[in-house]
Amino acid sequence: MAECCSGGKTRIIHTCSGASDVGEIADKTARKLSKDGYGNMTCLAAIGAHLSGFVESAKGADENITIDGCPVACAKKNLEHIGVTPKSYILTEMGLVKGKTPITEKIVTEISNRIKEKKQKTRTDADKSGEGSCCCG
Ligand code: SF4
């Protein structure tokens, strides 16, 4: 599987691609970051299916980042299930509101830029309250 480089290092981008607005923005953000050369987007479903090539690529990467729409953090948990600790970005912790966020190019660009600048807000206890809930839409 092809991997992309940043400063000579491999960085793989995993996204939840959820059905909700924030899940779609996560997906579009990952695609933009990949097109911009920030890293290489891969298939999260393949990680969830424990397909060896994808799992080994993640384990061998210099950096894995996950982009999740909400605190359920499906992408992050997929990585953790294979023993990889990613750099996690959760869009509801970056100011987006699940179910109330328009899917626009402007928002995708803003989130992409913030990830590049690594300016994620620190998780709060309130944010964590969504953990363990289900359903994406
Ligand atoms: S529940 Fe949240 S983290 Fe999981 S796929 Fe849906 S938006 Fe993404």
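Cut-offs applied
Residues numbered from 1 in each chain as written. Predicted model: local features only at pLDDT ≥ 70, side-chain atom pairs only at ≥ 80, totals over all residues. Heavy atoms only, no water. Helix = DSSP H or I, 4+ residues; strand = E, 2+ residues; numbered from the N terminus. Buried < 20%, exposed > 50% of the residue type's maximum accessible area, 1.4 Å probe, protein only. Contact = heavy atoms within 4.5 Å. Expected span 1.5 Å × (residues − 1). Arc of directions from axis to C-beta.

Undergrad: Account for the overall build of the protein, naming residues and giving values.
TA: Counting its regular elements, the protein contains 6 helices and 5 strands. The linear arrangement of helices and strands in the protein, starting from the amino end, is β-β-α-β-α-α-β-α-β-α-α. A buried classification covers 43% of the 137 residues belonging to the protein. Long-range contacts, defined as pairs at least 24 residues apart, comprise 67% of the intrachain contacts of the protein with a sequence gap of at least 6.

Undergrad: Can you break down helix α5 (residues 105-117) residue by residue, with the values?
TA: Taking 1.5 Å of rise per residue, the 13 residues of α5 would be expected to cover 18 Å, and the 18 Å separating its terminal C-alpha atoms lies within 8% of that figure. Residues of α5 that are buried: I107, V108, I111, S112 and I115. Each buried residue of α5 sits inside an arc of 135° when the element is viewed along its axis, so together they form one side. Away from the buried face of α5 by more than 90 degrees, exposed residues E105 and K106 are located. Downstream of α5 by a residue or two, K118 has a phi angle that is positive, lying close to 55°.

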